[in-house]
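# Tertiary structure, described
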Amino acid sequence: MKRYIFLLLFFCWGCRHEPPASAVHISLIDSNRSLKIVGIDPVILNDIDRDSIKNWQSLFSISRLPADTDLKDYQPTQPGRYLVNNGAVVFTPDTPFVKQRTYFLRYYNYAGNKSIWDYVRGRTKPGQLHYTDLIFKL
């Protein structure tokens, strides 16, 4: 009997799901004028930085957080300048961040669909992008 209880507990412990912690971290620098983004794979950073278009919004976008958070997906991207510096991306917006406003960085994780088991478990659907929203306030 103890063996079956142990087997049941082992099965339940193995099936628990913990969401993975984001490897990307953000911090405000230069008197809250710029945003420093660290934790992105250096190969991806160098690849985008060498590209002539430099489409940083395909990797992450920075937007203002609306009062109704259900409308987050429809917010325009904050325009600005991106600079790669010592393995980090420094984003400086064209117009300064407004104090007492909340913004969010949406980081698209293209490596999120690593196996077919994500589809079987129902964690993802075909064509769905994995992203993480990191919220910051001035």
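Scroll up a little and you will see the structure.
A few points on the structure. These numbers come from a predicted model, not from an experiment.

## A closer look at the nonpolar core
- One finds I37, I40, F60 and L105 to be the most contacted residues of the largest nonpolar core, which totals 20 residues.
- Elements with a contribution of two residues or more to this core: β2 (34-38), α2 (42-50), β3 (60-64), β5 (88-93), β6 (102-109) and β7 (130-137).
- Ranked by residue count, the leading element in this core is β6, at three residues.
- Each residue touching I40, except ones within four places of it in the same chain, is listed here: V24, L45, L59, F60 and Y107.

## A look at the side chain of S63
- Along the chain, S63 falls in strand β3.
- Reaching out from S63, the side chain makes a polar contact with the backbone oxygen of P76 at a distance of 3.1 Å.
- Apart from the residues within four sequence positions on either side, S63 is in contact with Q75, P76, T77, Q78, Y103 and F104.

## As for the sheet that holds β2
- Pairing in this open sheet of four strands is antiparallel, and the strands run β1-β2-β5-β4 from one edge to the other. Each having just a single partner strand, β1 (25-29) and β4 (80-85) make up the two edges of the open sheet. For this sheet, the mean inter-axis angle between neighbouring strands, taken without regard to orientation, is 25 degrees.
- Relative to β5, β4 runs antiparallel, the two sharing six bridges. Note that in β5 the partner of L83 across the bridge is V90.

Criteria and cut-off values
- Residue indices begin from 1 for each chain and proceed along its sequence in written order.
- Reporting in this predicted model follows two pLDDT cut-offs: at least 70 for local features of residues, and 80 or more for side-chain atom pairs to be given and counted; totals over whole chains, interfaces and linings ignore these cut-offs and use all residues.
- Based on all heavy atoms of the structure, the side-chain values leave hydrogens and waters out of the count.
- Remark: nonpolar core denotes a set of buried residues (Ala, Val, Leu, Ile, Met, Phe, Trp, Tyr, Cys) joined through side-chain atoms within 4.5 Å.
- Relative accessibility thresholds used throughout: buried, under 20% of the residue-type maximum; exposed, over 50%; partly exposed, between the two (1.4 Å probe, protein chains only).
- In this description a helix means any DSSP run of H or I spanning at least four residues, a strand means any run of E spanning at least two, and both kinds are numbered starting from the N terminus.
- In what follows, a contact means two residues having at least one pair of non-hydrogen atoms within 4.5 Å.
- Polar contact is the term for a pair of N or O atoms within 3.5 Å; when the atoms are in protein, one must be able to donate a hydrogen and the other to accept it, and sequence-neighboring residues count only if both atoms are side-chain atoms.
- Here, strands pair whenever DSSP counts at least two bridges between them.
- Where helices are involved, their axes are fitted lines through C-alpha atoms of the stretch in contact, as for all axes, and angles between N-to-C directions lie from 0 to 180°.

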